[in-house]
Amino acid sequence: MRLILALAVLLALPASASAAPTIELKLGKPAVRYGATHTVTGTLTDGTTPLPGQPIVLEGQRYPFQGSFRELARATTGPNGEFAFKPALDRNHKLRVAAPAQGAVSQPVRAYVLPSFELSFRPLKPGVARLYQRYTVPKSVKLSAPTLFYIGSRSATRSSRRVAAKTKRTSAGHFTAIATVHLPGSWKGRFRFGSCFRTSPGSGMGEPLASCPKVHLRF
């Protein structure tokens, strides 16, 4: 009877708790230009214990975010369970990291890819300038949103005027927006300028809810 009673007491004791392996994932910048790389870092741990020398897989779900995640790259965790990836993406992605040996998967993060662009100008005559913004995107992408140019005097810290220009395709994967602006005489031909462009619907490039200033863009 004593043996049975002692066994019953032991079975009633709670089992010691153990933490499941987890993956902490960080994205350096949420948005980068097309042609640049995102920076994905993180750690694989079991509770507070790092797990070194473990295979890690970077997975991505590409815009329009349908279907399963696919493998993008592989790595092995370092001495402190750390890992890093630098994927070059051509569209917006959902990214996550998996540790197959531990059966662990991180929460996904959104990685945005902006069109690559170059902003420039050319003087036409005194008081008149032509502004250019040239875009580079994957060949299948179509940009339809207008480009917004912001201008101000040379000493201004923010713009005082905004001009909208159509964004037109010049060749596969290349678009250009052009605006001709007349400068106030008080500026004496000296000015500052910038630009902003919203995400084109269906392009899969850029943050869909991103907005541009109505007039005042900080230089």
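Preceding this paragraph is the structure being described.
Residues numbered from 1 in each chain as written. Predicted model: local features only at pLDDT ≥ 70, side-chain atom pairs only at ≥ 80, totals over all residues. Heavy atoms only, no water.

### Focus: the pattern of salt bridges
Pairing of side chains with opposite charge becomes possible as their charged atoms draw close.
Piece 1. Going through the model one piece at a time under the given rule, you end up with 5 salt bridges.
Piece 2. For E59, the salt bridge is made with R96, and the minimal N-O distance between the two is 2.7 Å. Taken together, the residues span a long stretch of sequence, with E59 in strand β5 (residues 55–62) and R96 in strand β8 (residues 93–99) at a distance of 37 residues.
Piece 3. A residue is classified by how much of its surface remains accessible, and E59, at 16% relative accessible area, is buried.
Piece 4. A salt bridge links D90 to R91; the nearest nitrogen and oxygen atoms lie 3.7 Å apart. (Salt bridge = Lys/Arg side-chain N within 4 Å of Asp/Glu carboxyl O. Helix = DSSP H or I, 4+ residues; strand = E, 2+ residues; numbered from the N terminus. Buried < 20%, exposed > 50% of the residue type's maximum accessible area, 1.4 Å probe, protein only.)

### Things to note about unusual backbone geometry
Piece 1. Of note, the bond from Y63 into P64 is cis; its omega dihedral lies within 30 degrees of zero at 10°.
Piece 2. Residue position: P64 is located in the loop between β5 and β6 (70–76).
Piece 3. Even without being glycine, K188 reaches a positive phi, approximately 55°.
Piece 4. Here K188 lies in the loop between β16 (174–182) and β17 (191–197).
Piece 5. A residue is classified by how much of its surface remains accessible, and K188, at 73% relative accessible area, is exposed.

### A closer look at the nonpolar core
Piece 1. Core analysis: the biggest nonpolar cluster contains 22 residues, and I23, I56, F83, F85 and V97 have the highest contact counts within it.
Piece 2. Secondary structure elements with two or more residues in this core: β1 (21–27), β3 (40–46), β5, β7 (82–85), β8 and β10 (109–114).
Piece 3. Excluding residues that lie within four positions of it along the chain, F83 makes contacts with I23, E24, L25, V40, T41, G42, T43, L44, I56, T77 and V97. (Core = buried A, V, L, I, M, F, W, Y, C linked by side-chain atoms within 4.5 Å. Contact = heavy atoms within 4.5 Å.)

### Some points on the side chain of Q133
Piece 1. By the secondary structure assignment, Q133 is in strand β12 (residues 128–136).
Piece 2. Discounting residues that sit within four places of it in the chain, Q133 has contacts with F117, E118, L119, T147, F149, F175, T176, A177, S195 and F197.

### Looking at the pairing of β3
Piece 1. The pairing of β1 with β3 spans 7 bridges and is classified as antiparallel. Within the sheet, the bridge partner assigned to T22 lies in β3 and is T45.
Piece 2. Taken together, the 4 bridges between β3 and β7 define a ladder with antiparallel strand orientation. Looking at the pairing, T41 lines up with A84 of β7. (Pairing = 2+ DSSP bridges.)

Treat this as a map of the structure, not an account of what it does.
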